[in-house]
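# Coordinates in review
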Amino acid sequence: MERRTRIRLTRYAIYAATILVVGFVAVRADWGSLQEAFLDPEIFAEQFWDILTIAAKNTLIYTLLGYTLGLVWGLVLALMRLSTITPYRWFATTYIEIFRGIPLLLTLLIIGYGLPIALNGTKVPGTYGPGAVALGVVAAAYLAETIRAGIEAVPRGQMEAARSLGMSYGRAMATIVIPQAFRIIVPPLTNELVLLIKDTSLVSVLGTTQLTEELTKFARDNASSTFNSTPYIAAALVYLCLTVPLTRLSATLEKRGKRGNR
Amino acid sequence: MTGASGPPPSPAALPPAIDIRDLHKYFGDLQVLKGIDFEVALREVVCVIGPSGSGKSTLLRCVNRLEEPTSGQILIEGEDICAPHVDLDRIRTRIGMVFQQFNLFPHLNVLGNLTIAQRKVLGRSKPAAQAKAREVLAKVGLLDKIDEYPGRLSGGQQQRVAIARALAMDPDMMLFDEATSALDPELVGEVLAVMRSLAEEGMTMMVVTHEMGFARKVADRVVFMDGGVVVEEGAPAALLDEPTHERTRRFLRMVHER
Ligand SMILES: Nc1ncnc2c1ncn2[C@@H]1O[C@H](COP(=O)(O)OP(=O)(O)OP(=O)(O)O)[C@@H](O)[C@H]1O
Ligand SMILES: [Mg+2]
């Protein structure tokens, strides 16, 4: 048999098998009960308002608090990693390795439950506090690496030109290098925002109250109280409404960045 | 002598603008500068020439300590810039520097490029900084580009803006590191013209260049470097036409044959 023919026959076989499997599932599945379990319009309508005003709002609050903290602390860590002072570099590297190396869930539990016990009941203040701080502490580790890469991508001549005009290292960083670095890393920063939106779902382990629960916790609570999975699908749709525009935006920016000069 | 700036006046009391004594510079094990003694008097224009890798850029970059000298002394207007508690940033405002790659700030427009250091380093008011920016832009003939971003300018225009950016700080002296080497041949002239008019106004200049025509017409003195040492120096006509050292002769022959 010729090579070309063999490849074609293999492909046909795969198509045929796929159609068989899909057809079998479609025939055997109970579409009525599936729809009832996942897409009950009544439950959907009933919870729609709460999903937007409570769950989605809380997801956004966790995301924005965590991201802001992550950016600020991540910038500090990035500058420490680039510092000529060895202990700073050492500290930042260790921090980044630790928080990128352990699961977010564990960090959440340590900050949410471990710290208050260790500190005799003192805990991160605010209803959103513990969750947001844990998200930020971990996001900072990832963002620090992104920001460092951005700073290193700015040509060395920029710092030299700024210094030769009499700017201090800090001022040259702040006014010349960092603004350019952030322009370069907008696409990866957007991607990390998307990851963080999804990671807020883990905050649910901290036993949030009904007013502070985010999308995933909201969906789980309502799914168990209604014995129906429609809330999961509703939450999934809201996540997608948040994340898909951002991933599209990031892809566009990346393409434009590649086309741009330099 | 065709240099329009004439022989530099020799003010008895004033120290030279740049005074380098026994400068050594290593990069790791590589010795790049091997005991350089070098001076630029006030209002003097000195061109530094020499083959690639001879240490010209390194010497120039030591003058404002972008490069850290390994040993030796660097006096700027009599002030030792390697002294322990010296305010390097303040000294650097007196030394304008122009790079081969322009190094304009791409995220700022021309006005922003020209005002940012005036405002943040010299503490000038916004109107004062903008007035100064207009003045120096007019000098390099680019007042109409004041709102453009660097990316939209030709290489020659970018380099002229870079010169204006340095001039906006009212420096006492200017350093040029192969300011025209990155330019297309047809754009070299406009930048050299700006540099020449600066020299004619009496600016103190240290110019690393491969433009022998410029050195001949504008320089008060030409310094030939090779292998990390100053091989010889002298008036442009003397050095370029009747070099005393064989290395200088060989270099000039190569340059002319290009
Ligand atoms: N940062 C650095 N680290 C290591 N070596 C360096 C560094 N900068 C320059 N050198 C080396 O020092 C030597 C002199 O370099 P320099 O740039 O001063 O030469 P140059 O005379 O300006 O040459 P060119 O005409 O090519 O610009 C070269 O051998 C170069 O490779
Ligand atoms: Mg050089």
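Residues numbered from 1 in each chain as written. Chains lettered and ligands numbered in written order. Predicted model: local features only at pLDDT ≥ 70, side-chain atom pairs only at ≥ 80, totals over all residues. Heavy atoms only, no water.

## Here we look at the environment of Asp40 of chain A
Residues and elements named next belong to chain A. Mapped onto the secondary structure, Asp40 falls in the loop between helix 2 (31-38) and helix 3 (41-81). Sequence-wise, Asp40 and Asn228 are 188 residues apart; in three dimensions their C-alpha atoms are separated by 8.0 Å. When residues no more than four places from it in sequence are discounted, the contact partners of Asp40 are Gln35, Asn228 and Thr230. (Helix = DSSP H or I, 4+ residues; strand = E, 2+ residues; numbered from the N terminus. Contact = heavy atoms within 4.5 Å.)

## Describing the site of ligand 1
All names here are of chain B. Residues in close proximity to ligand 1 total 13 residues, the closest being Ser52, Gly53, Lys56, Ser57 and Thr58. At a separation of 2.8 Å, an oxygen atom of ligand 1 approaches a polar side-chain atom of Lys56. The separation between an oxygen atom of ligand 1 and a polar side-chain atom of Thr58 is 2.5 Å. If ligand 1 stood free it would expose 640 Å²; the protein chains cover 61% of that surface. Top element by residues in the shell around ligand 1 is helix 1 (residues 56-63). It accounts for three residues. (Near = heavy atom within 4 Å. Polar contact = N/O pair within 3.5 Å; in protein donor to acceptor, adjacent residues only side chain to side chain. Areas by Shrake-Rupley, 256 points an atom, 1.4 Å probe, with all protein chains shown as cover.)

## Describing the sheet that holds strand 1 (residues 18-27) of chain B
Two modes of strand pairing occur in sheets, parallel and antiparallel, and in both the strands are linked by backbone hydrogen bonds. All names here are of chain B. Overall, antiparallel pairing links the four strands, which are arranged 2-1-4-5 in an open sheet. Looking along the sheet, the strands with just one partner apiece sit at the ends: strand 2 (30-40) and strand 5 (79-80). Examined bridge by bridge, strand 4 (residues 71-76) and strand 5 share two bridges and lie antiparallel to one another. Its bridge partner lying in strand 5, Leu75 is registered against Asp80. Set on the sheet, helix 1 makes contact with strand 1, strand 2 and strand 4; between it and strand 1 the angle comes to about 120°. (Pairing = 2+ DSSP bridges. Axes fitted to C-alpha atoms, helices over the stretch in contact; angles between N-to-C directions.)

## Overview of the pattern of salt bridges
Residue and element names in this part refer to chain B. Summed over all chains, the structure comprises 28 salt bridges over all chains. Between Lys132 and Asp170 there is a salt bridge, with the nearest N and O atoms lying 2.6 Å from each other. Here Asp170 lies in the loop between helix 5 (155-167) and strand 7 (173-177) and Lys132 lies in helix 4 (residues 126-139), a separation of 38 residues in the sequence. The exposure class of Asp170 is partly exposed, given its relative accessible area of 40%. In this structure, Asp241 engages Arg216 in a salt bridge whose closest nitrogen and oxygen atoms are separated by 3.0 Å. Here Asp241 is found in helix 8 (residues 236-241), whereas its partner Arg216 is found in helix 7 (residues 212-218), with 25 residues between them in sequence. Taken together, the shared-partner salt bridges in this structure form one network comprising Glu77, Glu79, Asp87, Arg90, Arg94 and Asp172. (Salt bridge = Lys/Arg side-chain N within 4 Å of Asp/Glu carboxyl O. Buried < 20%, exposed > 50% of the residue type's maximum accessible area, 1.4 Å probe, protein only.)

## A few points about the pairing of strand 3 (residues 45-49) of chain B
For a regular strand, side chains alternate in direction, first toward one face of the sheet and then toward the other. Residues and elements named next belong to chain B. Counting buried positions along strand 3 yields five of five residues, so the element is predominantly enclosed. Of the two faces of strand 3, both are covered, the one formed by Val45, Cys47 and Ile49 as well as the one formed by Val46 and Val48. Where strand 3 and strand 8 (residues 204-208) come together, four bridges link them in parallel fashion. Along strand 8, the bridge assignment pairs Cys47 with Val207. Examined bridge by bridge, strand 3 and strand 9 (residues 221-226) share four bridges and lie parallel to one another. Of the residues in strand 9, the one forming a bridge with Val48 is Val223.

## Re the confidence of the model for chain B
Residue and element names in this part refer to chain B. Mean pLDDT over chain B stands at 89; residues scoring 70 or higher make up 95%. Mean pLDDT across the elements of chain B ranges from a minimum in helix 9 (residues 246-257), with 84, to a maximum in strand 7, with 95. Here the predicted complex carries an ipTM of 0.89, next to a pTM of 0.83. (pLDDT = per-residue confidence, 0-100.)

## Some details on the environment of Leu252 of chain B
Residue and element names in this part refer to chain B. Along the polypeptide, Leu252 turns up in helix 9. Remark: the alpha-carbon pair of Leu252 and Leu240, spanning twelve residues in sequence, is separated by 7.3 Å. Apart from residues lying up to four places away in sequence, Leu252 is in contact with Ile49, Met212, Leu239, Leu240 and Pro243.

## Some thoughts on helix 4 of chain B
All names here are of chain B. Taking 1.5 Å of rise per residue, 14 residues should cover 20 Å, and helix 4 covers 20 Å from first to last C-alpha, within 8% of that figure. When helix 4 is considered as a whole, its buried residues turn out to be Ala129, Lys132, Ala133, Val136 and Leu137. Across the axial projection of helix 4, the buried residues extend over an arc of 130°, all falling on one side. On its buried face, helix 4 sits against helix 3 (110-120) and helix 5. Backbone geometry just downstream of helix 4 places Gly141 in the positive-phi region, at approximately 75°. (Expected span 1.5 Å × (residues − 1). Arc of directions from axis to C-beta.)

## Here's the deal with the packing of helix 6 (residues 129-153) of chain A against helix 8 (residues 169-184) of chain A
All names here are of chain A. Where helix 6 contacts helix 8, the two axes come as close as 8 Å, and the packing angle between them is 110°. Classified by the angle their axes make, helix 6 and helix 8 are roughly perpendicular. For the pair helix 6 and helix 8, the sense of crossing is right-handed. Here helix 6 contributes Ile147, Gly150, Ile151 and Ala153 to the contact with helix 8, which in turn contributes Met173, Val177, Ile178, Ala181, Phe182 and Ile184. Looking at the contact of helix 6 with helix 8 residue by residue, the classes come out as nine nonpolar, one polar and no charged. (Parallel < 35°, antiparallel > 145°, perpendicular 65-115°, else oblique. Left-handed = near helix turned anticlockwise from the far one by under 90°. Nonpolar A, V, L, I, M, F, W, Y, C, P; charged D, E, K, R; others polar.)

## Examining the packing of helix 4 (residues 86-101) of chain A against helix 6 of chain A
Residues and elements named next belong to chain A. Direction vectors running N to C along helix 4 and helix 6 enclose 120°, while the axes themselves pass 9 Å from each other. Judged on the interaxial angle alone, helix 6 and helix 4 are oblique. The handedness of the crossing between helix 4 and helix 6 is left-handed. Taking contact as the criterion, the partners of Tyr95, Ile96, Phe99 and Arg100 in helix 4 are, on helix 6, Val137, Val138, Ala140, Ala141, Tyr142, Ala144 and Glu145. Here the contact of helix 4 with helix 6 is composed, by residue class, of nine nonpolar, no polar and two charged.

## Concerning the packing of aromatic side chains
Here the structure, examined in full by the defined rule, presents four aromatic pairs over all chains. Ring centres of Trp73 of chain A and Tyr95 of chain A lie 5.5 Å apart, and the angle between their planes is 85°; on these two criteria the pair is classed as edge-to-face. Here Trp73 of chain A, found in helix 3, pairs with Tyr95 of chain A, found in helix 4; they are 22 residues apart in sequence, far enough to count as distant. Residue Trp73 of chain A is classed as partly exposed on the basis of its relative accessible area of 25%. With relative accessibility at 10%, the residue Tyr95 of chain A sits in the buried group. For the pair Phe224 of chain B and Phe251 of chain B, a centre-to-centre distance of 5.3 Å together with 40° between the ring planes defines the contact as tilted. Of this pair, Phe224 of chain B sits in strand 9 while Phe251 of chain B sits in helix 9, and the two are 27 residues apart along the sequence. Accessibility assignment for this pair places Phe224 of chain B and Phe251 of chain B in one class, buried. Pairwise contacts between aromatic rings join Trp73, Phe91, Tyr95 and Phe99 of chain A into one cluster. A cation over a ring is seen here: Arg165 of chain B above Phe105 of chain B, with NZ or CZ 4.4 Å from the ring centre. (Phe/Tyr/Trp six-rings, centres within 6.5 Å; stacked < 30°, edge-to-face > 60°. Lys NZ or Arg CZ within 6 Å of the ring centre and 35° of its normal.)

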